[in-house]
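Chain and residue survey
Listed here are the chains, written in short residue letters.
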Amino acid sequence: MRSRRIRPHTTPAVTRAAAAALAAALALTAASCTTALERDEAALHVVASSELSDLEPLLAGLSEATGVRIDLEYMGTLEATRVVLEQPDRYDAAWLASDAYFQLRSGDWPEDRPLPLREPIMSTPVVLGLRPEAADALRRTAPDPDHLSWADVADQAAAGTLSYGMADPARSFSGLAAMVGVATAAAGTGTALRADDVACNRLGGFLAGRTLEAPDSRRLADAYRADPAAADGLIGYESVLLGLNEQLAEPLEIIQPQDGIVMADYPLMLLDPRRRTAFDAVVGHLTAPRTQRELMTTTLRRPVDPEVPRLDVLRGELGNALYFPGDPGVVDQLVAAARDAGPGTTVLALDFSRSMRGGRIAELRATLGGLAGQDRSATGRFVRFYRGETVVVLRFGRGVLERREFAVDDAASLAGIEAFAAADEFDGGTAVWSALEEAYAVASDAVAAGDGPVTVVLMTDGENNSGTTPEAFTRRYEALPAEVRAVPAYTIRYGDADPAELTRIADLTGGRMLDAGPGTDDGALLQAFQETRGCGAG
Amino acid sequence: MVAFTPPGGGDAIGSGFVAGRRRIITCAHVVSDALGLDRATGATGEILTVTFAHLPGARAATRDARVSHWDPAHDLAGLDLLPGEGRPRGVRPLRLGRHVADAEVSMFGHPPADSGGRWVPATLRGRVAGGLVQVDTAPEATLALQQGFSGGPAVVGGHVVGMLVTAGSGGRRDARVLPYETLRSALSRPSALRASVRDAFSRYLALFRGGPGSKVAAATIGAGVLALTVALGVLIGDALPGGPSSPGAGPTVVSGIMASKEDYFNDAEVIRLLAERGYRVDVTRRGSFEVAQEVIGGGEYDFAFPSGRPPANLITQDRRSRDLFVGSRSLFTSPLVLASFRPYAEALVADGVATPREGQDDEPLYYDLDVDKFVELGLEGRTWDDIGFGRTPSGEGRQNGNVVLAQTTGAGRSNSAATYLALVAFVANGDTAPTPGDVAGLGRRIRPLFEGAGLPQPGIRTKYFSDEGLSQTPVAVIYEHQYFDWQVGQARNEGLDRERVLLYPDREFITDPELVFLTERGKTFAEDVLAEDPELRHRMTELGFRVYVDATAGASGTDQLYAYLEQQGVPVPPDPASLTQAQFPADTGALTELIENATNSEVER
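Residues numbered from 1 in each chain as written. Chains lettered and ligands numbered in written order. Predicted model: local features only at pLDDT ≥ 70, side-chain atom pairs only at ≥ 80, totals over all residues. Heavy atoms only, no water.

1. Remarks on the state of the cysteines
Residue and element names in this part refer to chain A. According to the stated counting rule, one finds 1 disulfide over all chains in the structure shown. Across the disulfide from C200 sits C535; the S-S distance is 1.8 Å. Negative torsions about the S-S bond denote left-handed disulfides, and the value of about 110° found for C200 with C535 makes this one right-handed. In this pair, C200 sits in the loop between α7 (173–187) and α8 (204–207) while C535 sits in the segment after α21 (524–531), placing the two residues 335 residues apart along the sequence. Of the residues examined, C200 reaches a relative accessible area of 22% and is grouped as partly exposed. For C535, a relative accessible area of 8% corresponds to the buried category. (Disulfide = S-S within 2.5 Å. Helix = DSSP H or I, 4+ residues; strand = E, 2+ residues; numbered from the N terminus. Buried < 20%, exposed > 50% of the residue type's maximum accessible area, 1.4 Å probe, protein only.)

Structural data, given as C-alpha cells:
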C-alpha cells in the first residue's frame, strides 16, 4: 500500500478542504486495505467466455505457480460483457474472447473508474469449418476457389445448397464476429461498417443457411458433435473447431474467408483494481513462454508471444482482417438483423405495358435472373433471392394482369420466377396506383401471417393513365393498419416514368425512389432492385 | 540570479534572483515585458517557464513559476516556483540585508548577447525620490548598468541589499535600486491561488472515454504557459544527496504509470540494472491520455510517463493548479512511424505514395511516406486492390479489398493515435498548424479516415508483431523504437526480418515524451538514477530509443542509436529525402475539438 503524501497548503480555505479530503482518503484507504487483505486470500473470481472451459486442465498449474486460485464462471462473451457493465463489482476480472463489445459500450462503465487494464493472452480467428464434401461443393460454385469468401457462403446458403451452425450473435462474440464479417463483406466499402451500410439487411441470404443455433460457441460445438447431420459445418473460433475435429468421425475443413477475418484476442481484464497484485501474477504466468506453449498445445489458440513456435496447424496465412465497426448502433443493428431474420416476403409489381417491349423487357428479365442467382458479383451473391423467402410477382398494364407467389426453396422455384416474367403479354395502359393497391393487399396478408420483413417494389416505365387514382389509393392506404403502413414501397423509375409520381409513392410509404431511367449506367435496373433488398418492414 | 527574455527570445530584458525557498524576485516591468503584457496589466497568477543556465557541470534546468507578488507601484514582483518544481540542484537562496551608506556592491545583470550574465562593481549612494537609492558604477567598471540589469541584485557580503529598477540612460549616476526595506515585502506569503482549472480538465478528459457517440463536454484549457528564461548567475552550495535506500533494506519501490514506455521499464535487463541499484518499478500500463486521466483522477504513482507532450502537459497543469508536487524530465524519445509489410509498402511505392530511402539493398526496410498522398487514398476510398496490391513482386496473387488506412490505438486514449490524427490534420490543412477556427471543419473532413478504420485497436503493437500481423494490421501507427527493438531481437536470433518495414511520414512530429514525477521519490529516481546512470542510459539506446544528451557531451542520441544498430546488424535508416516539421494545433482545446470532430464524438456545450 502506498502512503499519501501530505503537503502543506497555503490558504485556510484550501487547507480545510484538503484536510477533509485527506481524512476521507485515509478512511477509504484503511477500508480498502482490509478488504484487499481478505480478498487476496480468496480466489480471483473471473467471468469467462464459455469456450474457455478448455483451460480447466491448466488452472491447477496456474494456481500453483502464482499462489492465486482462479475461479472461472462461464458465459457467452456478449452476455458476460453486459453483466460486467451492469454490475461492475460482481467479478474481480473478466476473460473474454474479445473486449470489442466492451470497448463499444465503454460509455456504460462507471465514470469514476478507469477502464479496466487489459492484457491479451492468446488469439484465434473466427472461421468457417465445413465437411470436406461441402467445402468442395463451395469451391465448385465460387468464382475464385483459392480465395473463398463470405460472398460465396452467402450465395450457396441462399441457394439452399449450404447449411451451417452459428452461435447467437446477441450473446456470443463468435456469432457477432461472423455477422460483422459477412455484413462488412456485403457492404463492400472496404471500411468499417457505418449505420447507412446496415440500414437494409443484406444478410437474408446468408442467414437462410443457418440450420443450427446455440447460445455460445461451446454449446454450438456440443450440438454439432451430437448431430453432425444438422448442418454442413460451423462458423466459430478456429480453436474450437480444431478441438471439435479431434472428436469427429468426419473432421471439418477449416476455411478462412478471404474478405473479413475477425480475431478474438482473449484479453484478461482487471475489473477490481484492488486485485491488481493477483492480476499481475496471473498475467505474468499466462504470458510466460512456457505457459504460452501450453495454452497453444492444450487449447489450439495462437500464442500472443511471437517467439513461441507455432504448431503446424496454426501456421499459414489468414485472410485480411476487416475494420471492426466503431459505432455501437451498427452492431445493435446487426444483432437485430440476425434475430429478426425470418424469411421475408418481397412483392414485385412489374410494368408490362407495351412500351416495355423489346430491349426493356429483356433487361427486366435479365435483372430477375440476376436476382435469382445469376449475378455472380459479390453484391449479387449477397442480395439474391434466398431459400425460405416468398416472392410475389405481379404484372400490370391497364390493371393487374397476373399475380403469382413463389416460395423460394430450390432452383425450380427460381426458374419459375424467371418463367413468369418471360410471358410476352403486354397491355395498353399503365395503372401504377392499381398495381400498388394490389401489392399492398399482398403485403397485408404477409404482415398478418407474421413471417418476416415485407418489401414492396414497383417498377414502371410510364406514367399512370388508368385505374385507381392517387387520391383514392392514399385514402385507402391511410386506412390500413399501422404495421401494414410500415411496409415501405420502393419505386424504380425506368424509361419514361414520371419521377415526381414515383417519389410521391416513396414518400407516402417511407420507401425510396430509385432511378434506372434515362442517363443512368448500364446495369442500373439490376442495381436498383438490389438496393431494395432487405429493406422491408412489418 | 536570473535573466528574463522577451516572449520570442532574444537579449535579456532583465534579471532576477532566488530569495526564498522557492521565491524569485525581479521587477514588475521585467515580468510584464517577458510575458508580452502591457505594463499596466496585472500579472498575478501568470505562469512562466524559467530556465536556469550555468548550473554546476554546465547543466541547465527549467522550472515553472507563478507570479504571486505583484507590486507595480514599486516595480516589484515575486514569483514562486510551482509545487513540485524544486530549485535546481546546487541553487541556494540569497539572503536579504540592509546596506550601509556608500556600500561597495556587486551588481548582477545580463548585458546584450550575454546569456551568462556579468557582475559590475558599483557603489550605493543616498536615497532619492520614490524611496529609491542611487547607484553609481565604479570607475573601473567596463559595463554600464543597462537594460538587462533590471531586477538584478546588488550584493554585498553574500547578502542582497537592493535590486536595480531603473537602468538609466548609460550615464554612471542615473541608475536606481530598490532598497532592502521595500524588497522585503516581496518575501511575504503568496496570494491565494487562482480558481482551479480542474473542472475544465475533467471535462476535457471525459472525451477520452466512452468511445464515439458518447456525449462529452468541450473545454478549452486556459493557463497558457509562457516561456521566459531565468539564468542563474551565482551558485552556492553542493549537490543535494539522493539515491536509493541504504544497503540491507529492500528495494525502493517506485510506481509508474505509462504507455509505450513500459517497453523500457518492463525490460528484463532494465529490471536487473535497477535491482542492482536498489530499485524496483511497479508498472501500470495504459494509453497516454488514460495515464493523464488516472493521475488527475487521484491515482497514486511516483511518476507518470505518457508518450508525448499533450498528456504530460495535462498532468503538470492540473497538479500545478492544485498545488501538488510535480516536475518533469526528458530522458529519451522515439518518432512516430507507420509500420507495414513489404507487399503493402511496394503497393504504395508503385502508386507513388512511398519511396524507399536511398542507399539500401534491393529489400529496403525504410521508406519515406508522402502523407499527403497517403491521406488522399483513404479519403478517396481507394483499396489495396485498387492500387495494385496483387501486382507487386511480393504481393503477387494477393487480394485486399480494404481501404488504404492506418490503424491506431484510438485517438482519445493514446498519444500515438492523437499525434497521428494531428499529423493528418496538419497535412490536410495545407501543412499549417490548425487554428481553433479550423478544427471543426478540418476534423469533419478527415473523419472518414478514422471512422473507416473503425474500432481502435488497443493492442496494435502486439498485433503488428504477431505472426498474424500481415493479415491483421497492414499499416500500424507505432513508435520507431518498437520496430528497432524487434529487429535487434530478430537479427540476433532468426535473422533480420525482411517482411516488416517502416514508413516514415515526410512530415514529422517531435513526440517529446517526458517522465513526469509526482513524488520526491519519483523525482530522485528520474533525476539521479535514470538520467545519470550510464548503464541505464545505454539500455535506452539498446531498446531503440534516442537518448537525450547534453549538446556538449559528444555523440547525439541518434548517433548512439545508429551505432548500436550497426553493431547489431540492423540496417541504419538513411536520412530522409526531405522532412517538414508538423505542428500541433495551437492549444490543447483545439486538439480536443479536432479529435472530437474527426472521431465523431458528440459535443455538449
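2. Description of the sheet that holds strand β4 (residues 117–120) of chain A
Residue and element names in this part refer to chain A. The 5 strands are arranged β2-β1-β3-β11-β4 in an open sheet whose pairing can be described as mixed. If you trace the sheet from one side to the other, it starts and ends with β2 (70–75) and β4, each paired once. On average, each strand axis in the sheet is inclined to that of its neighbour by 20°, with strand direction left out of account. Sheet topology note: the strand β3 (residues 93–95)/strand β11 (residues 267–270) ladder contains 3 bridges and is antiparallel. The residue of β11 that forms the bridge with W95 is L268. The sheet strands contacting helix α3 (residues 77–86) are β1 (44–49), β2 and β3, and the helix crosses β2 at an angle near 115°. (Pairing = 2+ DSSP bridges. Axes fitted to C-alpha atoms, helices over the stretch in contact; angles between N-to-C directions. Contact = heavy atoms within 4.5 Å.)

3. Things to note about the packing of aromatic side chains
All told, the structure shown has 32 aromatic pairs over all chains when counted by the stated rule. Residues F406 of chain A and F420 of chain A carry aromatic rings whose centres are separated by 6.2 Å and whose planes lie at 75° to one another, so their mutual orientation is edge-to-face. Of this pair, F406 of chain A sits in strand β15 (residues 400–407) while F420 of chain A sits in helix α16 (residues 411–422), and the two are 14 residues apart along the sequence. For the pair shown, F406 of chain A and F420 of chain A are each scored as buried. Aromatic ring contacts, followed pair by pair, group Y264, F265, Y279, F303, F305, F332, F525 and F545 of chain B into a single cluster. Residue placement shows R218 of chain A over the ring face of Y74 of chain A; its charged tip is 5.4 Å from the ring centre. (Phe/Tyr/Trp six-rings, centres within 6.5 Å; stacked < 30°, edge-to-face > 60°. Lys NZ or Arg CZ within 6 Å of the ring centre and 35° of its normal.)

4. Focus: the nonpolar core
By size, the foremost hydrophobic cluster in this structure holds 91 residues, and its most contacted members are W95, F173, F206, I235, L268, F324 and F382 of chain A. Looking at this core element by element, the count peaks at 10 residues for α7 of chain A. Contacts of I235 of chain A, omitting those with residues within four sequence positions, involve V126, V127, L128, W150, Y164, G165, M166, A178, F206 and L220 of chain A. By size, the runner-up hydrophobic cluster in this structure holds 89 residues, among which are V326, V403, A425 and F465 of chain B. (Core = buried A, V, L, I, M, F, W, Y, C linked by side-chain atoms within 4.5 Å.)

5. What to know about the interface of chain B and chain A
In this complex, chain B contributes 50 residues to the contact, which on the side of chain A involves 52 residues. Summed over both sides, the interface between chain B and chain A buries roughly 4,300 Å², with carbon and sulfur atoms accounting for 46% of that surface. For the interface between chain B and chain A, the tally reads 4 salt bridges. Note that E119 of chain A and R285 of chain B form a salt bridge whose closest N and O atoms lie 3.1 Å from each other. Here chain B and chain A share 17 residue pairs in polar contact (both at pLDDT 80 or more) between them. Taken together, the elements giving at least two residues each to the side of chain B that touches chain A come down to β17 (279–285), α6 (288–296), α11 (439–453), α12 (460–465), α13 (469–472) and α14 (480–492) of chain B. Per-element tally for the side of chain B that touches chain A: the top contributor is β17 of chain B, with 4 residues. Here the side of chain B that touches chain A is built from residues that sort into 14 nonpolar, 19 polar and 17 charged. (Buried area = accessible area lost by both parts, 1.4 Å probe. Salt bridge = Lys/Arg side-chain N within 4 Å of Asp/Glu carboxyl O. Polar contact = N/O pair within 3.5 Å; in protein donor to acceptor, adjacent residues only side chain to side chain. Nonpolar A, V, L, I, M, F, W, Y, C, P; charged D, E, K, R; others polar.)

6. Points about empty space enclosed by the protein
This structure, assessed with the given rule, holds 7 cavities of 30 Å³ or more. In this structure, the largest cavity encloses a volume near 270 Å³. Contributing to the lining of the largest cavity are 21 residues, with A100, M263 and F324 of chain A together with Q457 and K463 of chain B lying nearest its centre. Residues belonging to the lining of the largest cavity are distributed by class as follows: 11 nonpolar, 6 polar and 4 charged. The computed volume of the second largest cavity comes to approximately 210 Å³. Lining the second largest cavity are 23 residues, with N201, G204, Y386, R533 and G534 of chain A positioned closest to its centre. Looking at the lining of the second largest cavity, the elements that each hand over two or more residues are α8, β13 (345–351), α15 (378–383) and β16 (454–460) of chain A. Residue classes in the lining of the second largest cavity are distributed as 8 nonpolar, 11 polar and 4 charged. (1 Å grid on protein atoms, 1.4 Å probe; cavity = no way out; pocket = protein on both sides within 12 Å on 5 of 7 lines; lining within 4 Å. Points joined across faces, edges and corners; volume = space filled by probe spheres on them.)

7. Digging into the side chain of Q482 of chain B
Among the secondary structure elements, Q482 of chain B is positioned in helix α14. The class for Q482 of chain B is buried, based on a relative accessible area of 6%.

8. Things to note about the pattern of salt bridges
Inspection of the entire model under this criterion finds 66 salt bridges over all chains. One salt bridge connects R276 of chain A with D280 of chain A, and the closest N-O pair in it is separated by 2.9 Å. Taken together, the positions of R276 of chain A and D280 of chain A, both in helix α11 (residues 276–287) and 4 residues apart, correspond to about one turn of that helix. A cluster of three or more residues bridged by salt bridges with shared partners is formed by E269, R272, E276, R277, D533 and E535 of chain B.

9. Quick word on the UniProt feature "domain: VWFA" (unreviewed entry) in chain A
If you check UniProt for "domain: VWFA" (unreviewed entry), the listed places come out as residues 345–532 of chain A in our numbering. In this annotation, residues 345–532 of chain A is assigned 45% helix and 21% strand; the end-to-end C-alpha distance for the span is 12 Å. (UniProt positions renumbered as here; feature names shortened; annotations may be inferred.)

10. Some remarks on the sheet that holds strand β27 (residues 515–517) of chain B
Residue and element names in this part refer to chain B. Judged by pairing direction, the sheet is mixed, and its 5 strands sit side by side in the order β17-β16-β18-β27-β19 without closing on themselves. Two strands lie at the open edges of the sheet, namely β17 and β19 (327–329), each paired on one side alone. Neighbour-to-neighbour, the strand axes of this sheet turn through a mean angle of 25°, independent of strand direction. Across 7 bridges, the pairing between strand β16 (residues 252–258) and β17 is parallel. Each bridged residue has a counterpart across the sheet, and for M258 the counterpart in β17 is R285. In this fold α6 packs onto β16 and β18 (303–305), with an angle of close to 125° to the strand it touches most, β16. The strands touched by helix α15 (residues 520–530) within the sheet are β16, β17, β18, β19 and β27, with β27 carrying the most contacts at an inclination of about 135°.

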